[in-house]
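Observations on chain architecture
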Amino acid sequence: MAYRSIFDGAELRAELENSGITSTTRFTPSIWKHVLQNPNHCDWDDIPSLPSPAYPLLQAKFKPLTSTLHSVSHSTDGVTSKLLIKLQNGAFVEAVIMRYDTRLGRYGGKPRPGGPRSTLCVSSQVGCKMGCKFCATGSMGFKNNLSAGEIVEQLVHASSISNIRNIVFMGMGEPLNNYSALVEAIRIMTKSPFQLSPRRVTVSTVGIIHAINKLQCDIPNLNLAVSLHAPVQDIRCQIMPSARAFPLEKLMDALRIYQKSSRQKILIEYIMLDGVNDEEQHAHLLGKLLETFDVVVNLIPFNPIGNLSQFRTSSESKVTSFQNIVRGTYNIRTTIRKQMGQDISGACGQLVVNLPEKCSTGHLADIEDLRL
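Predicted, not measured: the structure shown is a model, and the values here were computed from it. Numbers given to residues run from 1 along each chain, matching the order in which its sequence is written. Per-residue local features of the predicted model are confined to residues with pLDDT of at least 70, and side-chain atom pairs are confined, for both listing and counting, to 80 or more; whole-chain, interface and lining totals are unaffected and use all residues. Hydrogens are left out, water is left out, and the side-chain values use all remaining heavy atoms of the structure.

Turning our eyes to something else, we now look at the overall build of the protein chain. Of regular secondary structure, the protein chain possesses ten helices and 16 strands. When burial is assessed residue by residue, the protein chain has 55% of its 372 residues classed as buried. Only heavy atoms matter for contacts: two residues are in contact if any of them lie within 4.5 Å across the pair. Considering only residue pairs separated by 6 or more positions, the protein chain has 66% of its internal contacts joining residues 24 or more positions apart. Accessible surface area values rest on a Shrake-Rupley calculation with a 1.4 Å probe, where residue burial reflects the displayed protein chains alone. When the accessible surface of the protein chain is split by element, carbon and sulfur atoms take 48% of a total near 15900 Å². Only DSSP runs of H or I reaching four residues or more are called helices, and only runs of E reaching two or more are called strands; each is numbered from the N terminus. Partly exposed describes any residue whose relative accessible area lies between the buried limit of under 20% and the exposed limit of over 50%, with all areas from a 1.4 Å probe on protein chains only and scaled to the type maximum.

Attention now moves to helix α8 (residues 248-262). A helix is expected to reach a length of 1.5 Å times the quantity of its residues less one. The end-to-end C-alpha distance of α8, which contains 15 residues, comes to 20 Å, matching closely the 21 Å that a straight helix rising 1.5 Å per residue would cover. On the buried face of α8, the contacting elements are α6 (209-218), β13 (223-227), α7 (233-239), β14 (266-272) and α9 (280-290). Directly beyond the C-terminal end of α8, a positive phi value near 55° is found at Arg263.

This part takes up unusual backbone geometry. Residue Pro193 follows Ser192 across a cis peptide bond; omega there is 10°. Structurally, the position occupied by Pro193 is in the loop between α5 (179-189) and β12 (201-205). Backbone geometry at His229 places phi at a positive 70°, although glycine is not the residue there. Tracing the backbone shows His229 in the loop between β13 and α7. Classification of His229 by relative accessible area gives buried; the value is 5%. Positioned with a positive phi, Arg263 is a non-glycine residue whose angle comes to about 55°. Residue placement: Arg263 occurs in the loop between α8 and β14.

Before going further, it helps to spend a moment on the packing of helix α4 (residues 148-159) against α5. Geometry is summarised by axes, namely lines fitted to C-alpha atoms with helices restricted to the contacting stretch, and by angles between N-to-C directions that run from 0 to 180 degrees. The contact between α4 and α5 brings their axes to 8 Å, and the two run at 40°. Classified by the interaxial angle, the pair formed by α4 and α5 is oblique. Viewed along their axes, α4 and α5 form a crossing whose handedness is right-handed. Contacts between α4 and α5 involve Ala148, Ile151, Val152 and Leu155 from the first element and Ala181, Leu182, Glu184, Ala185, Ile188 and Met189 from the second. Lys, Arg, Asp and Glu make up the charged group, whereas Ala, Val, Leu, Ile, Met, Phe, Trp, Tyr, Cys and Pro make up the nonpolar group; the residues left over, Gly among them, are polar. Residues of the contact of α4 with α5, tallied by class, amount to nine nonpolar, no polar and one charged. By the definition adopted for this analysis, an angle is roughly parallel if under 35 degrees, roughly antiparallel if over 145, roughly perpendicular if from 65 to 115, and oblique otherwise. By definition, turning the near helix anticlockwise from the far helix through less than a right angle yields a left-handed crossing, and turning it clockwise yields a right-handed one.

Attention now moves to the side chain of Ser227. Position of Ser227 relative to the elements: it lies in strand β13. Ser227 sits in the buried class, given a relative accessible area of 11%.

Let's shift gears to the packing of aromatic side chains. Here a Phe, Tyr or Trp ring, Trp counted by its six-membered ring, pairs with any other such ring whose centre lies within 6.5 Å, and the pair is stacked when the planes are under 30 degrees apart, edge-to-face when over 60, and tilted otherwise. What the rule picks out here adds up to four aromatic pairs. Judged by centre distance (6.1 Å) and plane angle (25°), the rings of Phe7 and Trp32 are stacked. Taken together, the positions of Phe7 in the loop between β1 (4-5) and α1 (9-18) and Trp32 in helix α2 (residues 24-37) put the pair 25 residues apart, joining distant regions of the chain. Each of the two residues, Phe7 as well as Trp32, counts as buried. Here Phe302 and Phe311 contribute two aromatic rings whose centre-to-centre distance is 6.1 Å and whose plane-to-plane angle is 85°, an arrangement assigned as edge-to-face. Here Phe302 matches Phe311 in class, with each residue buried. Aromatic ring contacts, followed pair by pair, group Phe7, Trp32 and Phe194 into a single cluster. Above the ring of Phe142, the side-chain terminus of Lys129 is found at 4.7 Å from the ring centroid. Each ring is checked for a lysine NZ or an arginine CZ that lies within 6 Å of its centre and within 35 degrees of its normal; such an atom marks a charge sitting over the ring. We note Lys214 situated over the ring of Tyr179; from NZ or CZ to the ring centre the distance is 4.2 Å.

As structure tokens, then:
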């Protein structure tokens, strides 16, 4: 029998209630706190003050962790750590810890206050259905969704290595295609014992319109990132086949409604592909598309995907020129994504599990510095 993760919150609450335990919200945080404090040596009998029916139930149906930390790779500069995690079904996913020191940056010409902090990039699926042609994950095809517990367990594994302050759902998979597990996982992450603020959680999507329409209601105050990657529908369809199901006009209407409801900035992710979407005309089209929104545009230098790559990387001068047009002409804050952990195969769009080769993922220049 396959055990459930103790962080599959809905299943845990249901089983406790079926055993006659009514105050489940009173006991689940203490169970999770015990696992978080003892991830490798957790014994259910050591948790104090649970109702007596809870102990045999936990022993019979739940494991503290259903996944195992298979390996950890650290970049030579110590900034990035890549976690390869083996799931109960034998599949693998990655999570990536990215460390930043606020004091090294400047804002408004002045040194930033603060200090070191860590952001965790998590996966929501094994593989992906979206098939974006610039992303290696799509070459795997779709394998399966992660449960809420398997998503939260990435945070548990990472917390044993670094104090995690921010979460970005920018790893393997399309988060909004695993909507129920995503929402449950974020609700757990933002409650005791993790206590992350929703404003420190960012969900990235290619633009699943019906899910965007629900997101603000289900999880208020989180950050939304949209993988736009082109300013017109035909180019989006060329590089992102899933865009055919989510027309750009309807996507922008959904984002307008989302922003009106949430009153928060939206992060626009835009990968720079030489000769495809990086010309001056594309910059102007993007500026006009977004000029009525409150957004931050994050330009992402393309990283080739070995023999899979049909695209080339935009030159640094093209990226800078693109940034200057969007920022200077349309007054839209526009940043260039900082790449981290290249020496451990950590580059945007290259996440693909292919054991025993190294795996990789995309990285966002410090999510807090974008001030969403």
